[in-house]
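In case you want the letters, here they are:
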Amino acid sequence: MGQLDSLSLTEIRRDLHRYPESGWKEFRTTALLAEELDERGFDLFFGGEALDETARLGVPPADEISAARKRARRNGAPACYLDQMDGITGLVAEKRYGSAGPTVGVRIDIDALEIREASDDDHRPARLGFASEYSNTMHACGHDGHTSIGLGLARAIDEEGGFDGTLKLFFQPAEEGGRGGKPMSRSGHLDDVEYFFALHLGLGNETGTIIAGYEHPQPNAKLDVTFSGESSHAGKAPEDGRNALQALSAAIQNLYAIPRHSDGVTRINIGHVESPNPQSVVSDAATMRIEVRGGSIDLKEYMLERAERTVRHAGAMHSVDVETDRYGETTTFTADDELIDLVATAAADVPTVDRITRRQTFAASEDASYLIRRVQNSGGVATYLGIGASNVAGHHNSHFDIDETALELGVAVLAASIRSLDGD
Ligand SMILES: [Zn+2]
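The model shown is predicted, which means the values in this text are computed figures rather than measured ones. (Residues numbered from 1 in each chain as written. Predicted model: local features only at pLDDT ≥ 70, side-chain atom pairs only at ≥ 80, totals over all residues. Heavy atoms only, no water.)

Draft legend 1. Representation of the overall build of the protein chain. Helix and strand counts for the protein chain come out as 13 helices and 12 strands. Oriented by its inertia axes, the alpha-carbon framework of the protein chain measures out at about 80 × 50 × 40 Å. A sequence separation of at least 24 residues applies to 83% of the contacts in the protein chain between residues at least 6 apart. Approximately 16800 Å² of the protein chain is accessible, and the part contributed by carbon and sulfur atoms is 44%. Positive and negative charge centroids in the protein chain, built from 41 and 68 side chains respectively, lie 4 Å apart. (Helix = DSSP H or I, 4+ residues; strand = E, 2+ residues; numbered from the N terminus. Contact = heavy atoms within 4.5 Å. Areas by Shrake-Rupley, 256 points an atom, 1.4 Å probe, with all protein chains shown as cover. Lys, Arg positive; Asp, Glu negative; His and termini not counted. Charge placed at Lys NZ, Arg CZ, Asp CG, Glu CD.)

Draft legend 2. Representation of the domain arrangement of the protein chain within the structure. Each assigned domain of the protein chain is listed with its residue range as follows: domain 1 (9–217 + 331–419) and domain 2 (220–329). On a C-alpha basis, the centroid separation for the pair domain 1 and domain 2 is 34 Å. In this complex, domain 1 contributes 14 residues to the contact, which on the side of domain 2 involves 11 residues. Of the roughly 870 Å² buried between domain 1 and domain 2, counting both surfaces, carbon and sulfur atoms make up 45%. (Domains from an automatic or database assignment. Buried area = accessible area lost by both parts, 1.4 Å probe.)

Draft legend 3. Structural view of the coordination of the zinc ion. Around the zinc ion, the protein contributes the donor atoms Cys141 (SG), His143 (NE2) and His200 (NE2), at 2.2 to 2.3 Å from the metal centre. All donor residues of the zinc ion come from one chain, and their arrangement in sequence is C-x1-H-x56-H. With His143 in helix α7 (residues 143–160) and His200 in strand β5 (residues 195–201), the pair connects residues that are 57 residues apart, well separated along the chain. The exposure classification of His143 matches that of His200, with both residues buried. (Donors = N, O, S within 2.8 Å, 3.2 Å for Na, K, Ca; no water. Buried < 20%, exposed > 50% of the residue type's maximum accessible area, 1.4 Å probe, protein only.)

Draft legend 4. Representation of the UniProt feature "domain: Peptidase M20 dimerisation" (unreviewed entry) in the protein chain within the structure. UniProt's feature table lists "domain: Peptidase M20 dimerisation" (unreviewed entry) at residues 222–298, given in the numbering used throughout. The distance separating the terminal C-alpha atoms of residues 222–298 is 16 Å; by composition the span is 18% helix and 34% strand. (UniProt positions renumbered as here; feature names shortened; annotations may be inferred.)

Draft legend 5. Region of the structure containing the UniProt feature "binding site: Mn(2+)" (unreviewed entry) in the protein chain. Residues given the UniProt feature "binding site: Mn(2+)" (unreviewed entry) here are Cys141, His143, Glu176, His200 and His396. The annotated residues occupy 256 residues of the chain but converge on a single region, no pair of C-alpha atoms lying more than 13.6 Å apart. Other than its neighbours up to four places away in sequence, His143 contacts Asp109, Ile110, Asp111, Glu175, Glu176 and His200. There is a polar contact of 3.3 Å between the side chain of His143 and the side chain of Asp109. By the secondary structure assignment, His396 is in the loop between β12 (381–387) and α13 (405–419). (Polar contact = N/O pair within 3.5 Å; in protein donor to acceptor, adjacent residues only side chain to side chain.)

Draft legend 6. Representation of helix α4 (residues 62–74) in the model. Taking 1.5 Å per residue as the helical rise, α4 with its 13 residues ought to reach 18 Å, and the 19 Å between its terminal C-alpha atoms agrees with that figure. Among the residues making up α4, those that are buried are Ile65, Ala68, Arg71 and Ala72. Relative to the axis of α4, the buried residues are bounded by an arc of 125° and lie together on one face. Pointing more than 90 degrees away from the buried face of α4 are the exposed residues Ala62, Asp63, Lys70 and Arg74. Those residues of α4 that are buried lie in contact with α2 (27–39) and α5 (79–85). Positive backbone phi, at 100°, marks Gly76, one or two positions downstream of α4. (Expected span 1.5 Å × (residues − 1). Arc of directions from axis to C-beta.)

Draft legend 7. Quick peek at the sheet that holds strand β7 (residues 220–228). Overall, antiparallel pairing links the four strands, which are arranged β8-β9-β7-β10 in an open sheet. In the strand order of this sheet, the two ends are held by β8 (266–274) and β10 (321–329), each with one partner. Averaged over neighbouring strand pairs, the angle between their axes works out to 20° when direction is ignored. Judged from the nine bridges that link them, β7 and strand β9 (residues 285–294) form a sheet pairing that is antiparallel. Bridged to Phe227 within β9 is Ala286. Contacts from helix α9 (residues 244–255) reach β7, β8 and β9, with the element oriented near 15° to β9. (Pairing = 2+ DSSP bridges. Axes fitted to C-alpha atoms, helices over the stretch in contact; angles between N-to-C directions.)

Draft legend 8. Representation of the nonpolar core within the structure. Grouped together as the largest cluster of nonpolar side chains are 91 residues, with contacts concentrated most on Leu37, Leu169, Phe196 and Phe197. Here this core gets eight residues from one element, more than from any other, and that element is α13. With 24 residues, the next largest nonpolar core counts Ala221, Ala244, Ala250 and Val311 among its residues. (Core = buried A, V, L, I, M, F, W, Y, C linked by side-chain atoms within 4.5 Å.)

Draft legend 9. Seen up close, the pairing of strand β3 (residues 103–109). Of all the seven residues making up β3, seven are buried; the element is thus mostly covered by neighbouring parts of the structure. Neither face of β3 is left uncovered, since the one carrying Thr103, Gly105, Arg107 and Asp109 and the one carrying Val104, Val106 and Ile108 both have all their residues buried. Looking at chain direction, β3 and strand β4 (residues 166–172) are connected through seven bridges and run parallel. Pairing of Thr103 across the sheet is with Thr166, part of β4. Where β3 and β5 come together, four bridges link them in parallel fashion. Opposite Val104, over in β5, you have Tyr195 as the bridge partner.

Draft legend 10. Inspection of α9 at higher detail. In this model α9 runs 16 Å from its N-terminal to its C-terminal C-alpha over 12 residues, within 8% of the 16 Å that 1.5 Å per residue would give. What α9 keeps buried is the set Ala244, Ala247, Leu248, Ala250, Ala251 and Leu255. For α9, the angular spread of buried residues about the axis comes to 160°, placing them on one side. Those residues of α9 that are buried lie in contact with β7, β8, β9 and α10 (297–317).

Draft legend 11. Layout of the pattern of salt bridges. Tallied over the entire structure, the rule returns 36 salt bridges. The salt bridge involving Arg107 is made with Asp109; its shortest N-O contact spans 3.4 Å. With relative accessibility at 0%, the residue Arg107 sits in the buried group. The structure contains a network of salt bridges with shared partners spanning Arg13, Arg14, Arg124, Asp144, Asp401 and Glu404. (Salt bridge = Lys/Arg side-chain N within 4 Å of Asp/Glu carboxyl O.)

Draft legend 12. Looking closely at unusual backbone geometry. A positive phi angle, close to 50°, is found at Ala174, a residue other than glycine. One can find Ala174 in the loop between β4 and α8 (181–185). Relative accessible area serves as the criterion here: at 0%, Ala174 is assigned to the buried category.

Given below as structure tokens:
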């Protein structure tokens, strides 16, 4: 028997909350999901079969990945599934229930954030003993709840019958930072998906609310920049140095000065600036992390192109080499009316749902956008569900916690939506 089999959705969510895994390190999460879905007769696709590994972005160093795998093994991940992953997290699980109905895909993100969880007694996970066991990782966006909903959906469809088609569950790694969506969209498993759902808990909506088409209109791109110069003695021979820190400083000033665009919203922000040289040495190395956003794909591209040009020229000004590396990226999508209608109708029959909104926008980005576009480009329809959850703190906050009553509600709405596609 699998380790999660006998657990309720709340218990699963709390187990995952206790052992959170950030992007590309979700070994335990993937293995435990695989264990239950294997027993339920799903066909499982791991590693390079679940996603296009060459399209992966923002992959941590190999030693961190292997440490995460070992940690997962120590905390109960079955070795047989860890072996099948071949170092790459994420899972596509597929089950054919019947041939009359359509192929339905559901995307569930499984990763946590690299932040430190609150430890005070006001924070329920700490008070009840299911706060993160790991010092700098926390499920602070609700993806532990999403994962629990994904498994709950498999259970509901399995046990309550009534779906005469094929169900494909896409357990996506590395949503945070927009790193796992594009590679999973290229796995090939989406190409025959006719109806596709992605989902998110909370995002400012109270428990009982369902947003049938939750759109994220602000695509982003994240760029890691490395400036490489040459060190020299700051007193004796400063003229021999090529100052990487100087180039970085010039870049910062000019990045924030990229002109705004008359077509719409643009954003830029810089984080994690580093140049480790002592003050007696001209800096030979400096790094920075940049994020740009735009109110459309064109505006995001505008910001990205200007940002790349700015760092390049800041480097040239100080004879410093510049390397840029795309850390993550998202695009946009429009939810299909056909599926919005379907979800709204199905949700109306779920007794715990008290408010249904057809469309809402959230000023952020989501890499489910790549999966959604892939389905739509192959002739399918797709939407992104907002499942309201009255959470005590905002997303990405160290006091974040989910209203767990939203888990069963989310499963009920998804299962009802999928069942209503039966035999179409
Ligand atoms: Zn999230």
